[in-house]
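Remarks on the overall topology
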Amino acid sequence: MHEEIQHPCVQHKLAIIRDVETGHKRFRELATEITQFVCYEALKQLKTREVKVQTPVAEASCRKIDTDIVVVPILRAGVGMLDGILDLLPTARVGFVGLYRDEETAQPVSYYDRLPPQTRGGTCIIIDPMLATGGSTNAAIDLLKQSGATDIVVVCIVTCPEGLAAVEKEHPDVTVYTASVDERLNERKYIVPGLGDAGDRLFGTSA
Ligand code: PRP
Ligand code: URA
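What this report covers is the structure whose coordinates are included nearby.

**Details of the sheet that holds strand β9 (residues 130–131)**
The three strands lie next to each other as β9-β11-β13, forming an open sheet whose pairing is parallel. Strands at the two margins of the open sheet, each flanked by one partner only, are β9 and β13 (180–181). One ladder, built from two bridges, connects β9 with strand β11 (residues 158–159); its direction is parallel. Counted as the bridge partner of M130 is V158 from β11.

Below is the structure:
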């Protein structure tokens, strides 16, 4: 299952982040801003519990978030979304999954993971700007499930039908939230039109 956030504020920022002329400073700012909008939608199903709060006038019946939240950026580009989601969820724990895509095969290669124990029983939110073939996202979901996670959502900035189908096939219980479902993958397994190599654009490492 997936949800595309078509709000004009998100689409406006997406138009700027896609632009080849947008430099890494602005790219990073936009990644943070878009992440906040998409996460806002993704978090709407979080469990809450009733709490009583004394206002200056009377007792109010309020709701507070009632689940351990673990945010899991896929290194390296997922780090570019971390500040945005932590602004919304300042007490969230953070686990890291290190994966890169082999340039020849486009298969994910795992090089690091460090997850907090609260993945078991909590809500895990995987963040990565690009969900292309879906290989990296599926590998991160596999790892989280092996660590005991049962409630997992994915937040990305851009994806495509091929990647969504791959995640849906392997993990039909996981919902993907995105700012855009683009047209397709090209022969190099890049998203078209996409925004290029997200890690390079975020961190200024392109040639
Ligand atoms: C990019 C991106 C995803 C992955 C998506 O990372 O950030 O993790 O590719 O592709 P997939 O859906 O086909 O697996 P990359 O491998 O370029 O590593 P980086 O973040 O370190 O630059
Ligand atoms: N990784 C990226 O950074 N961009 C793509 O389009 C595909 C994979």
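So that's the structure; there's more coming.
**Regarding the packing of aromatic side chains**
Here the structure, examined in full by the defined rule, presents one aromatic pair. Ring plane angle 40° and centroid distance 6.0 Å describe the contact between Y100 and Y111, whose orientation is recorded as tilted. Of this pair, Y100 sits in strand β6 (residues 96–101) while Y111 sits in strand β7 (residues 108–114), and the two are eleven residues apart along the sequence. Positioned above the aromatic ring of Y190, the side-chain terminus of R101 is 5.4 Å from the ring centre.

**Remarks on the side chain of S180**
Positionally, S180 belongs in strand β13. S180 sits in the buried class, given a relative accessible area of 6%. If we skip the residues at most four places from it in the chain, S180 touches E4, L14, R18, I157, V158 and T159.

**Focus: the layout of surface pockets**
Here the largest pocket is characterised by a volume of approximately 790 Å³. Lining the largest pocket are 32 residues; nearest its centre among them are Y100, R101, Y190, D197 and A198. Considering only residue class, the lining of the largest pocket consists of 13 nonpolar, eight polar and eleven charged. The space that makes up the second largest pocket amounts to roughly 180 Å³. Considered class by class, the residues forming the lining of the second largest pocket number six nonpolar, two polar and two charged.

**Concerning unusual backbone geometry**
Residue R76 is reached from L75 by a cis peptide bond, and omega for that bond is 5°. Within the secondary structure, R76 sits in the loop between β4 (69–75) and α3 (82–88). Note the cis peptide between V192 and P193, where omega equals 0°. Checked against the element boundaries, P193 lands in the loop between β15 (191–192) and α6 (198–203).

**Regarding the site of ligand 2**
With respect to spatial proximity, the complete set of residues near ligand 2 consists of R101, M130, A132, K189, Y190, I191, G196, D197 and A198. One of the backbone N or O atoms of I191 is found 2.9 Å from an oxygen atom in ligand 2. Contact between ligand 2 and A198: an oxygen atom at 2.8 Å from a main-chain N or O atom of the residue. Out of a free accessible area of 230 Å², ligand 2 has 88% covered by protein chains. Taken together, the residues of the shell around ligand 2 sort by class into five nonpolar, one polar and three charged.

**Side note on the site of ligand 1**
Near ligand 1 lie 14 residues; those nearest to it are R101, D128, A132, T133 and S136. The side chain of D128 places a nitrogen or oxygen atom 2.4 Å from an oxygen atom of ligand 1. A distance of 2.6 Å separates an oxygen atom of ligand 1 from a polar atom in the side chain of T133. Protein contact buries 90% of the 500 Å² of open area that ligand 1 shows by itself. Under a 2 Å grid-point criterion requiring more than half of the atoms, the pocket assigned to ligand 1 is the largest pocket. At the level of elements, β6, β9 and α4 (135–146) are the ones that each hand at least two residues to the shell around ligand 1. Within the shell around ligand 1, the residues separate by chemical class into six nonpolar, five polar and three charged.

About the criteria used
Residues numbered from 1 in each chain as written. Chains lettered and ligands numbered in written order. Predicted model: local features only at pLDDT ≥ 70, side-chain atom pairs only at ≥ 80, totals over all residues. Heavy atoms only, no water. Pairing = 2+ DSSP bridges. Helix = DSSP H or I, 4+ residues; strand = E, 2+ residues; numbered from the N terminus. Phe/Tyr/Trp six-rings, centres within 6.5 Å; stacked < 30°, edge-to-face > 60°. Lys NZ or Arg CZ within 6 Å of the ring centre and 35° of its normal. Buried < 20%, exposed > 50% of the residue type's maximum accessible area, 1.4 Å probe, protein only. Contact = heavy atoms within 4.5 Å. 1 Å grid on protein atoms, 1.4 Å probe; cavity = no way out; pocket = protein on both sides within 12 Å on 5 of 7 lines; lining within 4 Å. Points joined across faces, edges and corners; volume = space filled by probe spheres on them. Nonpolar A, V, L, I, M, F, W, Y, C, P; charged D, E, K, R; others polar. Near = heavy atom within 4 Å. Polar contact = N/O pair within 3.5 Å; in protein donor to acceptor, adjacent residues only side chain to side chain. Areas by Shrake-Rupley, 256 points an atom, 1.4 Å probe, with all protein chains shown as cover. Sits in = over half its atoms within 2 Å of the grid points.

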